Amino acid sequence: MKKYYKFIIAAIVLLIFIGTFVFLWMKSRPQPVAYEEFTPKVMDLSKSTVVTGKIEPRNEVNVKPQISGIITEIYKESGQMVNQGEVIAKVKVIPDMGQLSAAQARVRSASINVGQAKVDYDRVKALYDKGLISGDEFDQKRKAYHQAQEEVRASNDNLEVVRNGVSSQNAQTSSTLVRSTISGLILDVPVKIGNTVILANTFNDGTTIATIANMGDLIFRGNVDETEVGNIVQGMPMKITIGALQDEKLMASLEYISPKAVENNGANQFEIKAAIHTGVNSRIRSGYSANAEIVLAEAKQVLTLPESAIEFSGSDTYIYIVSGSGESKTYTKRKVVTGLSDGINIEIKSGLKKSDLVRGPKIVKETPEEK
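Residues numbered from 1 in each chain as written. Predicted model: local features only at pLDDT ≥ 70, side-chain atom pairs only at ≥ 80, totals over all residues. Heavy atoms only, no water.

**Some details on the packing of aromatic side chains**
Part 1 of the argument: A complete count under the given rule lists 1 aromatic pair for this structure.
Part 2 of the argument: When the ring of Y121 is compared with that of Y145, the centres are 5.3 Å apart and the planes differ by 15°; the resulting orientation is stacked. A residue pair is termed long-range when its members are at least 10 positions apart, and Y121 in helix α2 (residues 97-129) and Y145 in helix α3 (residues 135-164) qualify at 24 residues. Neither residue differs from the other here; Y121 and Y145 are each classed as buried. (Phe/Tyr/Trp six-rings, centres within 6.5 Å; stacked < 30°, edge-to-face > 60°. Helix = DSSP H or I, 4+ residues; strand = E, 2+ residues; numbered from the N terminus. Buried < 20%, exposed > 50% of the residue type's maximum accessible area, 1.4 Å probe, protein only.)

**Regarding the sheet that holds strand β10 (residues 210-213)**
Part 1 of the argument: Strand order in the open sheet formed by 4 strands is β3-β10-β8-β5, and the pairing between neighbours is antiparallel. The sheet is open, and its two borders are formed by β3 (60-63) and β5 (81-82), each paired with just one other strand.
Part 2 of the argument: Judged from the 4 bridges that link them, β3 and β10 form a sheet pairing that is antiparallel. Bridging across to β10, E60 finds its partner in A213. (Pairing = 2+ DSSP bridges.)

**Structural notes on the pattern of salt bridges**
Part 1 of the argument: Taken as a whole, this structure holds 16 salt bridges when the rule is applied.
Part 2 of the argument: E56 is paired through a salt bridge with R221; the nearest N and O atoms lie 2.8 Å apart. You can see E56 sitting in strand β2 (residues 41-57) and its partner R221 sitting in strand β11 (residues 218-225), a full 165 residues away along the chain.
Part 3 of the argument: Sharing partners across several salt bridges, the network here consists of K54, E56, R221 and E271. (Salt bridge = Lys/Arg side-chain N within 4 Å of Asp/Glu carboxyl O.)

**Looking at the confidence of the model for the chain**
Part 1 of the argument: Averaged over every residue, the pLDDT of the chain is 82; residues scoring 70 or more account for 85%.
Part 2 of the argument: Looking at the elements of the chain, mean pLDDT is at its lowest for helix α1 (residues 2-28), recorded as 66, and at its highest for β10, recorded as 94. (pLDDT = per-residue confidence, 0-100.)

**Let's talk about the pairing of strand β12 (residues 237-242)**
Part 1 of the argument: In the sheet, β12 pairs with strand β13 (residues 245-264) via 6 bridges, with the strands oriented antiparallel. Residue pairing in the sheet places M238 in a bridge with A252 of β13.
Part 2 of the argument: Between β12 and β13, which pair antiparallel in sequence order, lie 2 residues.
Part 3 of the argument: Note that β12 and strand β15 (residues 289-306) share 5 bridges and pair antiparallel. Bridging across to β15, K239 finds its partner in E293.

**Describing the side chain of S258**
Part 1 of the argument: You can see S258 is positioned in strand β13.
Part 2 of the argument: Within the local environment of S258, its side chain forms a polar contact with the backbone oxygen of K260, the two atoms lying 2.9 Å apart.
Part 3 of the argument: Here S258 is in contact with F270 and E271, once residues within four sequence places are set aside. (Polar contact = N/O pair within 3.5 Å; in protein donor to acceptor, adjacent residues only side chain to side chain. Contact = heavy atoms within 4.5 Å.)

**Considerations on a nonpolar patch on the surface**
Part 1 of the argument: Side chains of I8, I12 and I16 sit close together on the surface and give an oily, nonpolar patch of about 290 Å² of accessible area.
Part 2 of the argument: Inspection of the secondary structure puts I16 in helix α1. (Patch = residues over 30% accessible without salt bridge, like charges linked within 9 Å, V, L, I, M, F, W, Y side chains within 5 Å. Areas by Shrake-Rupley, 256 points an atom, 1.4 Å probe, with all protein chains shown as cover.)

**What about unusual backbone geometry?**
Part 1 of the argument: Phi angles above zero are rare outside glycine, and N265 is one such case at about 55°.
Part 2 of the argument: Along the chain, N265 falls in the loop between β13 and β14 (267-276).
Part 3 of the argument: With relative accessibility at 78%, the residue N265 sits in the exposed group.
Part 4 of the argument: Of note, the phi angle at Q301 is positive, near 50°, even though the residue is not glycine.
Part 5 of the argument: Tracing the backbone shows Q301 in strand β15.
Part 6 of the argument: A relative accessible area of 53% means that Q301 is categorised as exposed.

**Describing the environment of F312**
Part 1 of the argument: Within the element layout of this structure, F312 appears in strand β16 (residues 311-313).
Part 2 of the argument: Once residues within four sequence positions are removed from consideration, F312 is found in contact with E307, T317 and I346.

**Describing the environment of R106**
Part 1 of the argument: Position of R106 among the secondary structure elements: in helix α2.
Part 2 of the argument: Those residues in contact with R106 that sit more than four places away from it in its chain are E151, A154, S155 and N158.

**Regarding the nonpolar core**
Part 1 of the argument: Counting residues in hydrophobic clusters, the biggest one holds 27 residues, and the most contacted among them are I55, F220, I232, M238, I240 and I272.
Part 2 of the argument: Of all the secondary structure elements, the ones that give two or more residues to this core are β2, β11, β12, β13, β14 and β15.
Part 3 of the argument: Residues A89, V189, V197 and I212 belong to the second largest nonpolar core, which totals 17 residues. (Core = buried A, V, L, I, M, F, W, Y, C linked by side-chain atoms within 4.5 Å.)

Next up, the structure:
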């Protein structure tokens, strides 16, 4: 019985040895190389670039006061429409004490002068009525009296302007009333009642009372890399996609390319502006981030292949034409002339027919460890 056990064990060992040998021999045999195969397709190709930027109104202005003072009334708020000349806020003047004292002194002086001018006028008029003086002398005194009266009115107006910022005679056109300089949408009112504001001068820009823009005339502003700016020209159409409104597609046309580059994160870029001329509605807000797609080149209904099927050698391009089937397949190298590429497919201008079968890249099989 023990003798049979030895034979059985020896047979098992032999089978294991033979199986291992066969497995290793099969693994060591070279595997046939398989390639992807492509049939040429007729399709439209386009090469485009995407520019990041934002949506802005073309005409956006900051409304500033004409005098310095304190905000006492605000009649508008952001989000409201306003017409040119409409009052936005009211400013109360804080009088300068030196100017106030000078204005008060002017009023007192004018009052004294008009009193003396009246006395002179009355005296000369009495003499003129009796025929004792000439008409020229009487006219001079009358003129002096009228000038003194006008100085009284002017000094009182000046005192009101210094003290209140407005006189009773020009209340409707008062500089204390801050008016809109354009018609449009109020984007921001950065001041509150009680805030001190100053007018613009050579030393500062002044306080902004409101920011107003015409939201019916929007532009896209972005930057194009120097490697692509040579491929764009004014008038090119652009498709705008707003990040916050993915379903909002706007059409625009390129209207400005900066002649000077600016450095952005180590790269030279050129500013561009495009006029948005369709699809503008109340959902679009100033400052929205957006992407603009610009078609740099396009080809209609051309013969194409996947770019992975092309072999590049210097300035020449080649493909491999498949002949036969199964293990008897052969690959013939052929020179072709290529055209536009969109990064995935490439135009074949010559050297290829619709009926040709073209070899693609090698098929790489995953190993069990990679799966």
